[in-house]
Each structure stands twice: as structure tokens, then as C-alpha cells.
Amino acid sequence: MTIEQGWMPVALSSAIEPGTSAGAVVDGAEIVVWRDNKGAAHVWEDRCPHRGMRMSFGFVRGDHIACLYHGWQYDTAGQCQYIPAHPDLEVPKTIKIPTYAAEERNGIIWTCLSEGADSDALPDVAGTATPVRSLYVDCSMDDALGGLADVVLPGSDTPAQFDMIARNAFLLSSGSTHVLIAGQSIAARRIALHMVLINAKPGLAPTIARWAEGLRLRLETQTAIAEVA
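Quick caveat: nothing in here was measured; it's all calculated off a predicted structure. (Residues numbered from 1 in each chain as written. Predicted model: local features only at pLDDT ≥ 70, side-chain atom pairs only at ≥ 80, totals over all residues. Heavy atoms only, no water.)

(A) Quick look at the pattern of salt bridges. Scanning the entire structure with this criterion turns up nine salt bridges. Note that Asp-138 and Arg-190 form a salt bridge whose closest N and O atoms lie 2.9 Å from each other. Of this pair, Asp-138 sits in the loop between strand 11 (129-137) and helix 1 (141-148) while Arg-190 sits in strand 15 (residues 190-198); the two residues are 52 residues apart in sequence, bridging distant segments of the chain. For Asp-138, a relative accessible area of 40% gives the class partly exposed. Taking the shortest distance from any N to any O, the salt bridge between Asp-143 and Arg-189 comes out at 2.4 Å. Of the two residues, Asp-143 is situated in helix 1 and Arg-189 in the loop between strand 14 (177-187) and strand 15; the sequence distance between them amounts to 46 residues. Owing to a relative accessible area of 27%, Asp-143 belongs among the partly exposed residues under this scheme. Judged by relative accessible area, Arg-189 falls into the partly exposed class, the value being 42%. (Salt bridge = Lys/Arg side-chain N within 4 Å of Asp/Glu carboxyl O. Helix = DSSP H or I, 4+ residues; strand = E, 2+ residues; numbered from the N terminus. Buried < 20%, exposed > 50% of the residue type's maximum accessible area, 1.4 Å probe, protein only.)

Following this line, the structure appears as C-alpha cells:
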């Protein structure tokens, strides 16, 4: 399987600390991204099989995540291991949450919702990654690609070099500044751009984060104009 067939970024690694969870959406599918206390990232369907409560509302204890509603606990394979209302029950193996592949590259958590994911297909840029931010934009991925092709990075007056390293990952370079952007498709007109700096100079991340606000306005404005035209 290649990245074009399913790998999708879902969060910055720095955004999911050990013992925490967060909800995300990939092409309309609700998922939970969580990290156990040992630091391993996991991506699952965001629904407890019991009453449908979102697991992203739950809490992490060691290598288990528990549903907020009735406290059902699931191990890292998605298997329910403990039901507080029935502490002596041997939990049936049928009580299980669908799990997805989870990989981390360059400070970004990726997932694939289909089976047979090949981690060798993930983009991997040499260098140390510094997290910048996840930018949520009301436009399509195609609109974002078009708008990013000629952007100017802070400290420069000419368009950055644009290298597409995967269908939804690209590198903007200008001088010693290198911004890796991984695009997450949320809905038809909603995306997230997860940004990290590669081999960044100290103090550059806040500057790029502020620059990203202008980028969002540009992308959304271009999309609005195109829709009217």
C-alpha cells in the first residue's frame, strides 16, 4: 500500500502527550488518537462498543484507555479487559474497538484506516523536527496545494521552493528555513495542515506559527473567490 491509498496525518506528535487522548476526523470518520504512558501512539475508531461514547472523552491509565461513561477499559490492541460493574467477569473477546495503523515520522502522527498499511510509504525527511502548529483551514486539499505552490516564507521576498514528497505532504524551503507540511483531509472543504520545521534555527517556530495565520486567510480567500467565479 502507498500513501496515496490511505496514509493520513492526524496530529503533531507533541500535541499528544503520554497519558492523553484527542479526537480527530479523517474523511468524515471519527477517530481517537491516544498515547499510553510508555509513549506509544495509538489510533482507533472513536466509539466505545457499549453505548457509543467517544473514547476521546475517556482517560488513559498506563497502557489502557477507559471509556468516560461506564469505565470500560481497553488494552492497546483495542480489546476490552475490564468492566467496573462486573469486576470478576471474563470479558468476551467480541468486545473490541477497531484499531488502525499508527506511525510517527518527523514529529507527525500518521494513520491508515485500511488494512495492509506499509510504513515504508510514509514520507521521512532527514533532520530534526521542531513542531510549529496544526492549522485548520476551510478549503480542499487541492485548493491548499494550489495556494502553497508560490508562498513566501518569513525572511524572504521570493517564493519558497515547493517539493511534493507525497500526495499530502510537501516541503517548503527558503534559505535555511524548511517547513514540512502534512495535510489531513477532514471533510470536502475542511483540512488540517500539520506543520513542523526541519533543522530549525532557535526561535523560528513562533514566527512560522504567526505566518501560518496569514496563510490560512490566503487559502480561504482564494477558495471563496474561486467559488464565486
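(B) A look at helix 1. Within helix 1, the full set of buried residues consists of Met-141, Ala-144, Leu-145, Gly-147 and Leu-148. Relative to the axis of helix 1, the buried residues are bounded by an arc of 170° and lie together on one face. (Arc of directions from axis to C-beta.)

(C) Quick look at the sheet that holds strand 15. Here five strands make up an open sheet; going across it, the order is 11-15-14-13-12 and the pairing antiparallel. Either end of the sheet is taken by a strand with one partner, and the two such strands are strand 11 and strand 12 (161-166). Each strand axis lies, on average, 20° off the axis of its neighbour in the sheet, ignoring direction. Direction of pairing for strand 12 relative to strand 13 (residues 169-174): antiparallel, over a ladder of five bridges. Looking across to strand 13, one finds that Gln-161 is bridged to Ser-173. Sheet strands in contact with helix 1 are strand 12, strand 13, strand 14 and strand 15, and its direction is about 160° off that of strand 14. (Pairing = 2+ DSSP bridges. Axes fitted to C-alpha atoms, helices over the stretch in contact; angles between N-to-C directions. Contact = heavy atoms within 4.5 Å.)

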